[in-house]
Amino acid sequence: MSLQTDERWTARRLATGPPVTGTVVAWGDDTYGQTAVPSGLTDVVAVAAGQFHTLALQPDGTVTAWGRNDSGQADIPAGLGHVVAIATHRDHNLASISEGTVVAWGSNTNGEAAVPQGLTGVVSVAAGSTHSMALRSDGTVVAWGSDLMGQVDVPSGLTDVVAIDAGGHHSVAVKSDGTVVAWGWNRYGQSTLPPCLPTSIGVSCTRFGSLVLLADQTLFGWGSDQNGETTIPSTCGVSAFNAGGYHILAIRVDGTLVGWGSNVNRQLDIPPGVNNVLAVAAGFHHSVALIGPTTRAATATALTSNPNPSSSTDSASIPCRSTRLEQPTPNSRHQKSAHTR
């Protein structure tokens, strides 16, 4: 999983100077201390959430990790630095280094942390349950790890990619022209692109579903809706979002936070005072937000999955659409697929 943003907004922010930093707030399941933010952790620029652990990236390129450590996922590799992006999914982590290389650690049961030799020119990374992906500066994609469901079989000729993400056992890429390509496991239709999919600019995946950020700053989803993951509530003006195992968090342009999907561990119960959100990370059963300096009044909003947006608990009163796509009936529990739209 990886945080997806409106790239135009990101470019504008980076062009103004050093990256904006904030403090970390986490809530939801804390069985392994994954929401116990280390004391003194400040000036964070990015966060990522795995199944039972959490990562934070600081502007000096160093990474902090906490939570479950049964596979070494919270053990930062010695000398790790110059990190510009982080990603995690279940219990392995990826770090994109400023020179274009990748460092991986944690579980390597399926080779997901075995970065291919000679991999360079990387600008973005994404982690699935048992596989990993890297986007190179030339717009090509490299994937490694488990290929049980064809999730690392990058479609031949795939180029001009600007955003990637990995679900449980599937992969999705967005191209520069706004089209989307998906491949891997298709048990829930997560790799079957809906017809007439609008122009997309970002992507993030749940374990068994896919969501994209559209050019009009709304969201579109398909695949598993077992926990309401793809029953998207009112989501106008989205600047960034992140899909976890079974829930999704989205940031509106006014800095408010919206969440939907599973709330079995209170991962959607946004704490009071969570305003001016800069970045979010959705784990399997916990949530993490990066909070910036208070520069405007904002109200955090938690939305539960609701197929009827008129009865939603959203208090923002912004007129916009709720998009839910019906899932195709799967033909096989082990169906592989590769689709382009």
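Residues numbered from 1 in each chain as written. Predicted model: local features only at pLDDT ≥ 70, side-chain atom pairs only at ≥ 80, totals over all residues. Heavy atoms only, no water.

With 14 residues, the main nonpolar core has Leu55, Leu57, Val63, Leu80, Val83, Ile86 and Ala95 as its most contacted residues. Among the elements of the structure, strand S3 (46–49), strand S4 (53–57), strand S5 (63–67), strand S6 (83–88) and strand S7 (92–97) are those that each provide at least two residues to this core. (Core = buried A, V, L, I, M, F, W, Y, C linked by side-chain atoms within 4.5 Å. Buried < 20%, exposed > 50% of the residue type's maximum accessible area, 1.4 Å probe, protein only. Helix = DSSP H or I, 4+ residues; strand = E, 2+ residues; numbered from the N terminus.)

The next thing to look at is the packing of aromatic side chains. Counted under the stated rule, the structure contains five aromatic pairs. Ring pairing ties together the aromatic residues Trp185, Tyr188 and Phe208, which thus form one cluster. Its end group placed over the ring of Tyr188, Arg187 keeps NZ or CZ at 5.1 Å from the ring centre. (Phe/Tyr/Trp six-rings, centres within 6.5 Å; stacked < 30°, edge-to-face > 60°. Lys NZ or Arg CZ within 6 Å of the ring centre and 35° of its normal.)

This part is about the sheet that holds strand S11 (residues 141–145). Neighbouring strands of a sheet are bound in pairs by backbone hydrogen bonds; such pairs are parallel or else antiparallel. Read from one edge of the open sheet, three strands run S9-S10-S11, paired in antiparallel fashion. Each having just a single partner strand, strand S9 (122–127) and S11 make up the two edges of the open sheet. Along the sheet, successive strands turn relative to each other by an average axial angle of 20 degrees, direction set aside. Where strand S10 (residues 131–136) lies against S11, five bridges are found, and the strand directions are antiparallel. If you follow His131 over to S11, its bridge partner there is Gly145. (Pairing = 2+ DSSP bridges. Axes fitted to C-alpha atoms, helices over the stretch in contact; angles between N-to-C directions.)

The residue Leu211 is located in strand S16 (residues 209–214) in this model. For Leu211, a relative accessible area of 0% gives the class buried. Leaving out residues up to four positions away in the same chain, Leu211 has contacts with Gly202, Val203, Ser204, Thr206, Phe220, Gly221, Glu229, Ile232, Phe241, Ala243, Ile248 and Trp260. (Contact = heavy atoms within 4.5 Å.)

Within strand S20 (residues 257–261), five of the five residues are buried, which leaves it mostly tucked inside the rest of the structure. Neither face of S20 is exposed, since Leu257, Gly259 and Gly261 on one face and Val258 and Trp260 on the opposite face are all buried. In this sheet, S20 lies alongside strand S19 (residues 247–252) in antiparallel orientation, the contact comprising five bridges. Bridging from a neighbouring strand, Ile251 pairs with Leu257 of S20. Where S19 folds back onto S20 in an antiparallel hairpin, the turn is made up of four residues, including Gly255, whose phi is positive at roughly 90 degrees.

This next bit is on the pairing of strand S8 (residues 102–106). Side chains on a regular strand alternate between the two faces of the sheet. Bridging between S7 and S8 involves five bridges; their strand directions are antiparallel. Bridge assignment links Ser96 to a residue of S8, and that residue is Val102. Between S7 and S8, which follow one another and run antiparallel, lie four residues, and Gly100 among them has a positive phi close to 100 degrees.

Let's shift gears to the environment of Gly167. Locating Gly167 in the fold gives a position in the loop between strand S12 (161–166) and strand S13 (170–175). In the structure, Gly167 is positioned 42 residues away from Gly209 in sequence and 7.1 Å away in space, judged by C-alpha atoms. Other than its neighbours up to four places away in sequence, Gly167 contacts His89, Gly128, Ser129, His131, Cys205, Thr206 and Arg207.

Counting across every chain of the model gives three salt bridges. Its salt-bridge partner being Arg90, residue Asp91 comes within 3.9 Å of it at the nearest N-O pair. (Salt bridge = Lys/Arg side-chain N within 4 Å of Asp/Glu carboxyl O.)

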